[in-house]
Amino acid sequence: MKIREMAVPDAYHVTPLKHRDARGCFYESFRHGRLAEEIGRPVPVAQVNYSVSRRGVLRGLHGTLLPPGQAKVVSVVRGAVLDIVVDLRVGSPAYGAHEANWLDAESGEALFVAEGLVHGFLALTDDTCVSYLCSTEFVPGTQLDIDPLDAELDLPWGLSEAPLMSQKDASAISVREARRAGLLPRYEDCLAHYRSLRAAH
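The rules we used
Residues numbered from 1 in each chain as written. Predicted model: local features only at pLDDT ≥ 70, side-chain atom pairs only at ≥ 80, totals over all residues. Heavy atoms only, no water. Helix = DSSP H or I, 4+ residues; strand = E, 2+ residues; numbered from the N terminus. Rg over C-alpha atoms; globule rule 2.2 N^0.38 Å. Buried < 20%, exposed > 50% of the residue type's maximum accessible area, 1.4 Å probe, protein only. Contact = heavy atoms within 4.5 Å. Areas by Shrake-Rupley, 256 points an atom, 1.4 Å probe, with all protein chains shown as cover. Pairing = 2+ DSSP bridges. Core = buried A, V, L, I, M, F, W, Y, C linked by side-chain atoms within 4.5 Å. Axes fitted to C-alpha atoms, helices over the stretch in contact; angles between N-to-C directions. Polar contact = N/O pair within 3.5 Å; in protein donor to acceptor, adjacent residues only side chain to side chain.

**Observations concerning the overall build of the protein**
In step 1: When you go through the protein residue by residue, the secondary structure sums to 4 helices and 13 strands.
In step 2: Taking 17 Å as the expected radius of gyration for a compact globule of 201 residues, we find that the protein reaches 16 Å, a close match to that expectation.
In step 3: By the burial criterion, 48% of the 201 residues in the protein qualify as buried.
In step 4: A separation of at least 24 residues holds for 79% of the contacts in the protein among residues at least 6 apart in sequence.
In step 5: Surface accessibility of the protein: about 9,900 Å² in total, with carbon and sulfur atoms responsible for 52%.

Encoded structure:
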């Protein structure tokens, strides 16, 4: 597999090596050792989640508070999405940076989203299924939800009509509100967290 760091530091784009024959293809979507080698720390899988969405559904921007934080490997097992990762770590040299990627079941491409980053996606097809390999189990009360349509972020969703959103996402707070409330993770805390994971490895 090929792994490249994205425009958002500590987020990685993973492209699998496909083995094709007359029957179709086979590929690895996740290899712990290879990803750990590239990012310099282990990526344990403690929980696996799936979401199924109709075309036009916008989910996110979601992250988790530190501690405990939660890294994710995000891939599409059916359909296609536009996934956007954003760096909202206060003090990060890349604060406010984002990268958008088209992910679909055909390509098998995946994204690694480190603890402290937020991401969301727009379903581009009906019955789109997204898989999340999560580094920690979900802890109630630690989710960080940011308005994906926040004008301060001006993310390139390419919407031609209003997206379908959950009530929670539609009422999510702006980046400014999250910053004022002290909810955004500090870059130094994230780096310390990543160092502790490397040391434990």
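**Observations concerning the pairing of strand β8 (residues 80–86)**
In step 1: Where burial is concerned, most of β8 is hidden: 7 out of the 7 residues are buried.
In step 2: Of the two faces of β8, the one holding Ala80, Leu82, Ile84 and Val86 and the one holding Val81, Asp83 and Val85 are both buried throughout.
In step 3: As paired elements, β8 and strand β9 (residues 98–104) share 7 bridges and run antiparallel to each other. Its bridge partner lying in β9, valine 81 is registered against leucine 103.

**Things to note about the nonpolar core**
In step 1: Leu35, Val85, Phe112, Leu117 and Val130 are the most contacted members of the largest nonpolar core, which has 29 residues in total.
In step 2: Among the elements of the structure, β2 (11–15), α1 (32–39), β7 (72–78), β8, β10 (110–113), β12 (128–134) and α4 (187–200) are those that each provide at least two residues to this core.
In step 3: Apart from the residues lying within four places of it in its own chain, the contact partners of phenylalanine 112 are Asp10, Ala11, Tyr12, Leu35, Ile39, Arg41, Val43, Ala71, Lys72 and Val73.

**Quick word on the sheet that holds β7**
In step 1: Here 6 strands make up an open sheet; going across it, the order is β1-β2-β10-β7-β12-β5 and the pairing antiparallel. Edge positions in the sheet fall to β1 (2–5) and β5 (47–53), since each of these pairs with one other strand and no more. Pairs of neighbouring strands in the sheet enclose a mean axial angle of 20°, with direction left out of account.
In step 2: Across 6 bridges, β7 lies against β12 in antiparallel orientation. Paired with arginine 78 across the bridge in β12 is cysteine 129.
In step 3: Here α1 sits on the sheet in contact with β1, β2, β7 and β10, set at roughly 30° to β1.

**Things to note about unusual backbone geometry**
In step 1: Residue leucine 66 is joined to proline 67 through a cis peptide bond whose omega torsion reads -20°.
In step 2: Mapped onto the fold, proline 67 is located in the loop between β6 (58–64) and β7.
In step 3: In this model, proline 67 is joined to proline 68 through a cis peptide bond whose omega is 5°.
In step 4: With respect to the element layout, proline 68 can be found in the loop between β6 and β7.
In step 5: Positive phi, normally seen in glycine, also occurs at aspartate 10, with a value near 75°.
In step 6: Summarising the element assignment, aspartate 10 is placed in the loop between β1 and β2.

**Let's talk about the environment of valine 175**
In step 1: The residue valine 175 is located in helix α3 (residues 175–180) in this model.
In step 2: Discounting residues that sit within four places of it in the chain, valine 175 has contacts with Leu88, Tyr95, Ile146, Asp150, Glu152, Leu153 and Leu184.

**With respect to the sheet that holds strand β13 (residues 143–145)**
In step 1: An order of β9-β8-β11-β6-β13 is seen for the 5 strands of this open sheet, with the pairing classed as antiparallel. Only two strands of the sheet have a single partner each, and these edge strands are β9 and β13. When the angles between neighbouring strand axes are averaged without regard to direction, this sheet yields 25°.

**Brief notes about the environment of serine 51**
In step 1: With respect to the helices and strands, serine 51 occurs in strand β5.
In step 2: For serine 51 and proline 140, which are 89 residues apart along the polypeptide, the C-alpha to C-alpha distance reads 18 Å.
In step 3: If near-sequence neighbours (up to four positions away) are discounted, serine 51 is found in contact with Arg59, Phe121, Thr128, Cys129, Val130 and Tyr132.
In step 4: At 3.2 Å, the side chain of serine 51 forms a polar contact with the side chain of tyrosine 132.

So, to be careful, I would describe these as geometric facts and stop short of saying anything about function.
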